[in-house]
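Architecture at a glance
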Amino acid sequence: AFPKTLLLSTNVNTWVNTLVPELQKREKLVIILSSHSDEVFLNNLLQELNRESFDKKEIIVYGLSPWLNLEKVDFQLLDILNFHVSSPYFINNENSEVGEFQQSFYQELGVFPQPEAFQAFDLVNLLFENWIKGGNIFQENLDYFESAHFLSAPYQFKKVKTSINDAEKWQLNRNQNVMILKFTGFTWQKD
């Protein structure tokens, strides 16, 4: 059976009635937090969840990708509470290709690359590889193409279509791949 799952926002009034009774049970609990902007709220909630989980029950917390950049959160609590985030990218600093990209980027621009630079590198490589394979109309078949090497984001496109006069028409491609990262050993890892 799947564990009980709760979706919580920062509005305490909306979740107190559902969270407190679930914390009193001994069952495994998955909590999905929809807010990412209030670090004080997050710290307080994590401390309360830690008190409830200490030798009592397993709690797993899922959040949003902006939490990858939190600065005021107690990272020990993230580790204890099996904290996860969804993210469009993951940069594995132990990968030698990532190290080479960082070094080249730094030598060229004098700053270290941000995650967006890795994503742009991956996307441009994917588009050029597929342009070479598929010609000038490659984007119409992008959902069938794959690239072997990504530094941060494995793209997997799907066509988005609209209906006009009972006929479907391709409108754009959207990346369908989202990674789940887990905070473990005081660092983010792919789960």
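All values reported here derive from a predicted model rather than from experimental measurement.

1. Overview of the overall build of the protein chain
Each helix and strand counted, the protein chain has 5 helices and 8 strands in total. In the protein chain, once contacts between residues fewer than 6 apart in sequence are set aside, the share between residues at least 24 apart is 58%. In the structure as shown, the protein chain presents an accessible area of about 12300 Å², 50% of it carried by carbon and sulfur atoms.

2. Describing the sheet that holds strand β4 (residues 83-87)
The pairing of strands in a sheet happens through backbone hydrogen bonds and is either parallel or antiparallel. In space, the 6 strands of this open sheet follow the order β1-β2-β3-β4-β7-β8, with mixed pairing throughout. Across the chains shown, the open sheet's two edge strands, defined by having one partner strand only, are β1 (4-8) and β8 (187-190). The sheet shows a mean angle of 25° between the axes of neighbouring strands, direction not considered. Packed on one face of the sheet, helix α2 (residues 39-53) meets β1, β2 (29-33), β3 (59-63) and β4 and runs near 160° to β3.

3. Looking at helix α5 (residues 115-134)
With 20 residues, α5 should cover 28 Å at 1.5 Å per step; its first-to-last C-alpha distance of 28 Å lies within 8% of that length. Those residues of α5 lying buried are Pro115, Ala117, Phe118, Gln119, Asp122, Leu126 and Asn130. Considering only its buried residues, α5 is in contact with α4 (96-109) and β5 (157-164). Gly135 sits one or two residues past α5 and shows a positive phi near 75°.

4. Digging into the packing of aromatic side chains
Within this structure, the stated rule accounts for 9 aromatic pairs. Through a chain of ring-to-ring contacts, three or more aromatic side chains come together here, namely Phe75, Phe83, Phe183, Phe186 and Trp188.

5. Side note on the side chain of Asn43
Positionally, Asn43 belongs in helix α2. What makes Asn43 buried here is its relative accessible area of 13%. Excluding residues that lie within four positions of it along the chain, Asn43 makes contacts with Lys72, Val73, Asp74 and Leu77.

6. Topic: α2
Over its 15 residues, α2 extends 20 Å from the first C-alpha to the last, a length consistent with the 21 Å expected when each residue adds 1.5 Å. Phe41, Leu42, Asn43, Leu45, Leu46, Leu49, Asn50, Glu52 and Ser53 are the residues of α2 that are buried.

7. As for a nonpolar patch on the surface
The grouping of Val124, Phe128, Trp131 and Ile132 at the surface amounts to a nonpolar patch, some 430 Å² of accessible area in total. As for its placement among the helices and strands, Trp131 is situated in helix α5. You can call Trp131 partly exposed: its relative accessible area is 40%.

8. Concerning the environment of Leu33
One can find Leu33 in strand β2. It is 5.9 Å that separates the C-alpha atoms of Leu33 and Leu7, two residues lying 26 residues apart in sequence. Residues in contact with Leu33, not counting those within four places in the same chain, are Leu8, Leu42, Leu45, Val61, Tyr62, Gly63, Leu64 and Trp67.

About the thresholds
- What you see as residue numbers is a count from 1 along each chain, following the sequence as written.
- The predicted nature of this model means local features are confined to residues of pLDDT at least 70 and side-chain atom pairs, given and counted, to a pLDDT of 80 or more, with totals for whole chains, interfaces and linings taken over all residues.
- With hydrogens and water stripped out, all remaining heavy atoms of the structure feed into the side-chain values.
- A helix here means a DSSP run of H or I that spans at least four residues, while a strand means a run of E at least two residues long, and both kinds are numbered starting from the N terminus.
- Any pair of residues with heavy atoms lying within 4.5 Å of one another is described as a contacting pair.
- Using a 1.4 Å probe, accessible areas were evaluated by the Shrake-Rupley method; residue-level cover was limited to the displayed protein chains.
- Strands are labelled as partners when DSSP assigns at least two bridges between them.
- Each axis is a line fitted through C-alpha atoms, taken for helices only over the stretch in contact, and angles between the N-to-C directions span 0 to 180 degrees.
- Multiply 1.5 Å by the residue count of a helix minus one, and that product is the helix's expected span.
- Only protein chains enter the area calculation, which uses a 1.4 Å probe; residues under 20% of their type maximum are buried, those over 50% are exposed, and those in between are partly exposed.
- The rule is short: rings of Phe, Tyr and Trp, with Trp giving its six-membered ring, pair when the centres are within 6.5 Å, and they are stacked under 30 degrees, edge-to-face over 60, tilted in between.
- Residues form patches when they are more than 30% accessible in relative terms and have no salt bridge. Like charges link within 9 Å. Nonpolar side chains (Val, Leu, Ile, Met, Phe, Trp, Tyr) link within 5 Å.
- We define a salt bridge as a contact between a side-chain nitrogen of Lys or Arg and a carboxyl oxygen of Asp or Glu at a distance within 4 Å.

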